[in-house]
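Summary of the model geometry
Here is what each chain is made of, one letter per residue.
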Amino acid sequence: MSDQSKTSAPKPRARRVTWLILSAGILIGILFWGGFNTAMEATNTEQFCISCHEMKVNVYQEYTDTIHYTNRTGVRATCPDCHVPKDWVHKIVRKIQASNELYHHFKGDVDTPEKFEAQRIRLAQNVWRTMKATDSRECRNCHDFESMNYNKQESRSSQSHQDAEDAGLTCIDCHKGIAHQLPMEYDPEQDAPGQSIFYSVRD
Amino acid sequence: MNRSVAAMLLGLAATGLASAIAAEDVTSLRGRAVTDESDPAVNKPTVAVPGGFALGWEKQPPMIPHPIDKYSIDLRQNGCLKCHSPATFEIAKAPKVGDSHFFDRDGVKLDHLAPRRYFCTQCHAPQTGAIPLVENVFEGR
């Protein structure tokens, strides 16, 4: 009788240890996960983006002149709204890419406006290629053809937007340079929607 | 001696005059200094007019029938050419820049936009739909 109870149910002490390990694991898990997500959130603010002066003196300054910074209704698009995906998997991938940007920051590769300008075409093309590949996913988090009232748009806009989807075009095909100055090498004549040369890698 | 004193006086008078008519003191017909950027008239949004504006006379630079605040014309590039250049106008469904824009002042045809036509807004202006302050008696054609 007593033998049987020995084998079937574990000792109260062993059970307590198991519980302890389990709850400690859960607790540490929560802490890490929370800390991780807090770090993710903290690095996903405009304040963080412009805490490095490369961003502050160049692209941020230009962005403050645009409609995504200040407009009639006061709804704003911040750096991460356009540059960091919303869903978890794509967000992690983007954050890992960003570690490479930190490397260049500490090496001082773009630490003067001149150095930044020299790299701008390459940086801009990275963004254009990504947005082309994702069908301008980040723009579409806020803007949506379905919700556009074409009667309220300018005729140039409504015509282009109605044609766009049939022609397989996406926002970035027609809206480069909406938030920052365009690179010196960018030539609008060679960027006709659908015939742009700026998605292929230059040397 | 006399002459240099006269020159000096003249110079003094000129600087006095210049500061007297400095731009801040010049008020426009709207009753504000022309340099006053808080003037609501200066900040009126430009209008979009499908089909464009009628011309007042032949060879008039047509007025711009759409807002242009999004397009820069600077050292880097001319944003208007995204839609109005011979290479892009068909796709953008926009009128091509006038043929005259490809001739230099000696009448020689260039294979690119003439530099003297680079700053489009020198001749073409967007419109705000403001109420005119003085009656326009120009007959047109």
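Residues numbered from 1 in each chain as written. Chains lettered and ligands numbered in written order. Predicted model: local features only at pLDDT ≥ 70, side-chain atom pairs only at ≥ 80, totals over all residues. Heavy atoms only, no water.

Within the structure shown, the criterion is met by 20 salt bridges over all chains. A salt bridge links Glu41 of chain A to Lys91 of chain A; its shortest N-O distance comes to 3.6 Å. Of this pair, Glu41 of chain A sits in helix H2 (residues 12-42) while Lys91 of chain A is found in helix H6 (residues 88-107), placing the two residues 50 residues apart along the sequence. Judged by its relative accessible area of 46%, Glu41 of chain A falls in the partly exposed class. Looking at Lys91 of chain A, the relative accessible area reads 11%, which means it is buried. Among the salt bridges present, the one from Asp109 of chain A reaches Lys107 of chain A, with a minimum N-O distance of 3.4 Å. What makes Asp109 of chain A partly exposed here is its relative accessible area of 26%. Look at the salt bridges and you will find they share partners, linking Glu62, Glu117 and Arg120 of chain A together with Arg76 of chain B into a network. (Salt bridge = Lys/Arg side-chain N within 4 Å of Asp/Glu carboxyl O. Helix = DSSP H or I, 4+ residues; strand = E, 2+ residues; numbered from the N terminus. Buried < 20%, exposed > 50% of the residue type's maximum accessible area, 1.4 Å probe, protein only.)

For helix H4 (residues 53-63) of chain A, the complete set of buried residues consists of Glu54, Asn58, Val59, Tyr60, Glu62 and Tyr63 of chain A. Relative to the axis of H4 of chain A, the buried residues are bounded by an arc of 160° and lie together on one face. (Arc of directions from axis to C-beta.)

All names here are of chain A. The N-to-C vectors of H2 and H6 enclose an angle of 70°; their axes lie 12 Å apart at closest approach. When the interaxial angle is binned, H2 and H6 end up roughly perpendicular. Regarding H2 and H6, the two cross each other, and that crossing is left-handed. For the pair formed by H2 and H6, the contact residues are Trp33, Phe36, Asn37, Met40 and Glu41 on the first element and Trp88, Lys91, Ile92 and Lys95 on the second. Split by residue class, the contact of H2 with H6 holds 5 nonpolar, 1 polar and 3 charged. (Axes fitted to C-alpha atoms, helices over the stretch in contact; angles between N-to-C directions. Parallel < 35°, antiparallel > 145°, perpendicular 65-115°, else oblique. Left-handed = near helix turned anticlockwise from the far one by under 90°. Contact = heavy atoms within 4.5 Å. Nonpolar A, V, L, I, M, F, W, Y, C, P; charged D, E, K, R; others polar.)

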